[in-house]
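Survey of secondary and tertiary structure
Single-letter residue listing:
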Amino acid sequence: MILIKIALALFIIFWLGLGAWMLVKYEGLFGYHPDDPAETTGARCLNLTQIWSCWFGILAIMGYFLFK
């Protein structure tokens, strides 16, 4: 049981690092793409909402199982 908790804690650290990396590389990952002029601001916002919802959801699930 303790090995599972350690693995979850390490994965949470990795997951937070991944989120920090996405924030640092925000413009390159989620910014305006000149190759796709048809992409609207609303479409980019929807994509960001889906990405961050999944990121926070997985973080919440991992936190639940870590502290359960």
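For clarity, every value in this text was computed on a predicted model and none was experimentally measured.

Cut-offs and rules
Residues numbered from 1 in each chain as written. Predicted model: local features only at pLDDT ≥ 70, side-chain atom pairs only at ≥ 80, totals over all residues. Heavy atoms only, no water. Helix = DSSP H or I, 4+ residues; strand = E, 2+ residues; numbered from the N terminus. Rg over C-alpha atoms; globule rule 2.2 N^0.38 Å. Buried < 20%, exposed > 50% of the residue type's maximum accessible area, 1.4 Å probe, protein only. Contact = heavy atoms within 4.5 Å. Areas by Shrake-Rupley, 256 points an atom, 1.4 Å probe, with all protein chains shown as cover. Lys, Arg positive; Asp, Glu negative; His and termini not counted. Charge placed at Lys NZ, Arg CZ, Asp CG, Glu CD. Patch = residues over 30% accessible without salt bridge, like charges linked within 9 Å, V, L, I, M, F, W, Y side chains within 5 Å. Salt bridge = Lys/Arg side-chain N within 4 Å of Asp/Glu carboxyl O. pLDDT = per-residue confidence, 0-100. Core = buried A, V, L, I, M, F, W, Y, C linked by side-chain atoms within 4.5 Å.

**A short note on the overall build of the protein chain**
In terms of regular secondary structure, the protein chain is built from 3 helices and 0 strands. When its helices and strands are written in sequence order, the protein chain yields α-α-α. Its C-alpha atoms give the protein chain a radius of gyration of 16 Å, more than 25% over the compact-globule value 11 Å for 68 residues. For the C-alpha atoms alone, the extent of the protein chain along its principal axes is close to 50 × 20 × 10 Å. Relative to its 68 residues, the protein chain shows a buried fraction of 22%. A separation threshold of at least 6 residues defines the contact pool for the protein chain, and within that pool the share at least 24 residues apart is 68%. Within the structure as shown, the protein chain displays about 5,200 Å² of accessible surface, and the carbon and sulfur contribution to it stands at 77%. The average position of the 4 basic charges and that of the 4 acidic charges among the side chains of the protein chain differ by 24 Å.

**Quick word on a nonpolar patch on the surface**
Nonpolar side chains collect at one region of the surface, where Ile 2, Leu 3, Ile 6, Leu 10 and Ile 13 lie side by side and expose about 560 Å² of accessible area between them. Within the secondary structure, Ile 6 sits in helix H1 (residues 2–24).

**Comments concerning the confidence of the model for the protein chain**
When pLDDT is averaged along the protein chain, the result is 88; 100% of the residues meet or exceed 70. Ranking the elements of the protein chain by mean pLDDT puts helix H2 (residues 26–30) last with 81 and H1 first with 93.

**Some words on the nonpolar core**
Counting 10 residues, the largest nonpolar core is built from Leu 8, Ile 12, Trp 15, Met 22, Phe 30, Leu 48, Trp 52, Trp 55, Met 62 and Leu 66. When residues of this core are traced back to their parent elements, those giving at least two are H1 and helix H3 (41–67). No other element matches H3, which puts 5 residues into this core. Aside from chain neighbours lying at most four places away, what touches Leu 48 is Tyr 26 and Phe 30.

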